[in-house]
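Take a look at the letters that make up each chain.
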Amino acid sequence: MKSWYLLYCKPRNESRAQQNLAMQQIESYLPIIQEEKTSQGKTKLVEVPLFPCYLFIYFDPTEVSVSRIHSTRGASRIIGCREDMTPIDDRIIQGIRNRVQQHKPEIDKGLQSGDKVKFTEGPFVDLEAIFEERNAEKRCFVLFNIMGQQKRICVDNTSVVKI
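Residues numbered from 1 in each chain as written. Predicted model: local features only at pLDDT ≥ 70, side-chain atom pairs only at ≥ 80, totals over all residues. Heavy atoms only, no water.

**A word on the environment of Ile96**
(1) Moving on: Note on placement: Ile96 falls in helix α3 (residues 90-102).
(2) Moving on: A relative accessible area of 13% places Ile96 in the buried class.
(3) Moving on: Spatially, the C-alpha atoms of Ile96 and Leu50 are 9.4 Å apart, while their sequence positions differ by 46 residues.
(4) Moving on: Here Ile96 is in contact with Tyr29, Pro31, Leu50, Phe51 and Phe56, once residues within four sequence places are set aside. (Helix = DSSP H or I, 4+ residues; strand = E, 2+ residues; numbered from the N terminus. Buried < 20%, exposed > 50% of the residue type's maximum accessible area, 1.4 Å probe, protein only. Contact = heavy atoms within 4.5 Å.)

Now the structure itself:
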């Protein structure tokens, strides 16, 4: 009887194993979620496996040889594959699918041009300014009212917070 089993894959080869299993007409499920990643100062959403190196497969061990699955490119071994294999309950797989569908990460865009900020440290502590733009990796420009004039100053990103 067909059941769900857990397949351990070679590192970063989950998609490869899934494609090769599909060519063998073996159903599989790879839960993918979106995750926030920051690279070179820019934050974006990337798709990553919920369980890295693991793939759920749906097959009947009496019809499909376990050694055939083990020899699939990208796959390593079926977890719990001894004399009597332990299937995964369908409700667990359905629960994972439901949670993956509900998972919606939000990107924190940080400070945007025009946002009001407040100094948290330094000589201007507790004074307000307007965020203008990021300068370098850890610096930014803010517009600051001093003696009736608006001045543009460069400060550490960590010295201001959005209000």
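**Description of the nonpolar core**
Where a protein is soluble and globular, its nonpolar side chains tend to be buried together.
(1) Moving on: Membership of the largest hydrophobic core comes to 16 residues, with the highest contact counts inside it found for Leu7, Leu21, Leu55, Ile57, Phe59, Ile69 and Ile78.
(2) Moving on: Elements with a contribution of two residues or more to this core: β1 (3-9), α1 (14-23), β5 (54-59), α2 (66-70) and β6 (75-78).
(3) Moving on: In this structure, Ala129, Phe144, Ile153 and Val160 belong to the second largest nonpolar core, which totals eleven residues. (Core = buried A, V, L, I, M, F, W, Y, C linked by side-chain atoms within 4.5 Å.)

**Here we look at the pairing of strand β7 (residues 116-119)**
(1) Moving on: Residues Val117 and Phe119 line the buried face of β7, whereas the alternating positions Lys116 and Lys118 sit on a face that is not buried.
(2) Moving on: Judged from the three bridges that link them, β7 and strand β8 (residues 128-134) form a sheet pairing that is antiparallel. Opposite Lys118, over in β8, you have Glu128 as the bridge partner.
(3) Moving on: Relative to strand β11 (residues 160-162), β7 runs antiparallel, the two being bridged by three bridges. Looking at β11, one finds that Val117 is bridged to Lys162. (Pairing = 2+ DSSP bridges.)

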